[in-house]
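# Report on the structure
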Number of protein chains: 2
Amino acid sequence: MVEHDSLALDTIFHALGDATRRAMLAELATGERSVGDLAAPFAMSLAAASKHIKVLEAAGLIRRDVRGRTHVCSLDPAPLMSADQWLGIYRRFWTDRLDTLEALLRTKSAGTPPVKPPIPGNKGEKR
Amino acid sequence: MVEHDSLALDTIFHALGDATRRAMLAELATGERSVGDLAAPFAMSLAAASKHIKVLEAAGLIRRDVRGRTHVCSLDPAPLMSADQWLGIYRRFWTDRLDTLEALLRTKSAGTPPVKPPIPGNKGEKR
DNA sequence: ATCATGTTCAACCATATGGTTAAATATAGC
DNA sequence: GCTATATTTAACCATATGGTTGAACATGAT
């Protein structure tokens, strides 16, 4: 059912691996934008921005509607959903960890006054 | 609080944008693996696999524990959580769409037999 | 028809990426 | 110490990526 086409995921994640492109997606999250609109915020040529847009388009992340001489882009969330589903496989890894932490905090604070608990560096976590 | 370090997201998404590396993560989801273990399934040199592992490590996706002469790798889900949080911003786009579809199906199927409905224009959808 | 606007295309460049092989490093075992 | 095992490093190669500039294309406006 949920097909994890690895070639598609390659292009999707690759498209997301660039701050300029993520910013373009963020912009498109608020509505349609022309190529020029999308390019405007960035200190690069229009041609460069156009390439980024094509990368997003190739990944299926945006659709393009040519209206006269302007190309109007809009977000297509489907590939993001694919990426999310792939990530979903791993979600238990951090929810488990958070659940454990939460449980730990709950038992620690049971009966004791609400002191800010010195969480032992969940950064350098050893097991 | 939840910092969206765009440089970090660059490296995380870049690391995820390769099927070999995603397969390595999938393997690590079942437990610790040595570099050799991780490299074994792939038709590439150990040196190439080692590079992939370093990309994953640079993204913070895996940790490395050097035990004698073998380097034991394990999954670190924190960057995946970051990626998930970034994606979360867009989650409404597909949940909204699915909700709308669901509602549509519910009204359509009220009284009518469950026929496969012609979904209007989710046309970016291949497969 | 002319001119301006929005966008792409082509050629080019520097750097990054993903792979190779061969040599180097570190540790384990005899 | 010697040898085998686990892994990295170095040098190299082909291709991809992200940027540039300048020309081309398509459409809108006069």
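Notes on the structure follow. A quick note: this is a predicted structure, and the numbers were derived from the prediction, not measured.

### Structural notes on the overall build of chain A
Along chain A, the regular secondary structure elements total five helices and three strands. The helix and strand sequence of chain A, counted from the amino end, reads α-α-β-α-α-β-β-α. The buried share of chain A, taken over its 127 residues, is 35%. A total of about 7700 Å² of accessible surface is found on chain A, and carbon and sulfur atoms cover 59% of it.

### Some remarks on the sheet that holds strand 2 (residues 62-67) of chain B
Residues and elements named next belong to chain B. The strand order 1-3-2 describes an open sheet built from three strands, whose pairing is antiparallel. Strands at the two margins of the open sheet, each flanked by one partner only, are strand 1 (33-34) and strand 2. Taken strand by strand, helix 2 (residues 19-28) contacts strand 1, strand 2 and strand 3 (70-75), and its axis lies near 85 degrees from that of strand 3.

### Considering the protein's contact with DNA strand C
As a structural note, the neighbourhood of DNA strand C is formed by 24 residues, with A:Gly36, A:Ser50, A:Arg64, B:Lys51 and B:His52 the closest of them. Restricting the count to atoms of DNA strand C within 4 Å of the protein gives a sugar and phosphate share of 67%. Residue A:Ser50 places a side-chain N or O atom 2.5 Å away from a phosphate oxygen belonging to DNA strand C. Contributing elements (two or more residues each) for the surface near DNA strand C: helix 3 (35-39), helix 4 (46-58) and strand 3 (70-75) of chain A together with helix 4 (46-58) of chain B.

### Things to note about the relation of the copies chain A and chain B
Under the fitted operation, chain A is carried onto chain B by 0.1 Å of movement along the axis and a turn of 180 degrees, and the coordinates agree to an RMSD of 0.2 Å. Such a combination of rotation and displacement between the chain copies is what one expects of a two-fold axis.

### Here's the deal with the interface of chain A and chain B
How big an interface is tends to be reported as the loss of accessible area on association of its parts. Tallying the contact residues gives 34 residues for chain A and 32 residues for chain B. Where chain A abuts chain B, roughly 3000 Å² becomes buried across the two surfaces, and 65% of that area is made up of carbon and sulfur atoms. Contact with chain B buries surface across chain A, with A:Arg22, A:Tyr90 and A:Trp94 losing the most and accounting together for 20% of the total. The tally of links from chain A across to chain B stands at four salt bridges.

### Observations regarding the pattern of salt bridges
Inspection of the entire model under this criterion finds 16 salt bridges over all chains. Measuring nitrogen to oxygen at the nearest pair gives 2.9 Å for the salt bridge that ties A:Asp10 to B:Arg22. In this pair, A:Asp10 sits in helix 1 (residues 6-16) while B:Arg22 sits in helix 2, so the two residues belong to two different chains. A salt bridge links A:Asp65 to A:Arg67; the shortest N-O distance between them is 2.9 Å. Take A:Asp65: its relative accessible area is 37%, and that puts it in the partly exposed class. Judged by its relative accessible area of 41%, A:Arg67 is partly exposed.

Each value, and the rule that gives it
- Residues numbered from 1 in each chain as written.
- Chains lettered and ligands numbered in written order.
- Predicted model: local features only at pLDDT ≥ 70, side-chain atom pairs only at ≥ 80, totals over all residues.
- Heavy atoms only, no water.
- Helix = DSSP H or I, 4+ residues; strand = E, 2+ residues; numbered from the N terminus.
- Buried < 20%, exposed > 50% of the residue type's maximum accessible area, 1.4 Å probe, protein only.
- Areas by Shrake-Rupley, 256 points an atom, 1.4 Å probe, with all protein chains shown as cover.
- Pairing = 2+ DSSP bridges.
- Contact = heavy atoms within 4.5 Å.
- Axes fitted to C-alpha atoms, helices over the stretch in contact; angles between N-to-C directions.
- Near = heavy atom within 4 Å.
- Polar contact = N/O pair within 3.5 Å; in protein donor to acceptor, adjacent residues only side chain to side chain.
- Least-squares fit on C-alpha atoms with pLDDT ≥ 70 in both.
- Buried area = accessible area lost by both parts, 1.4 Å probe.
- Salt bridge = Lys/Arg side-chain N within 4 Å of Asp/Glu carboxyl O.

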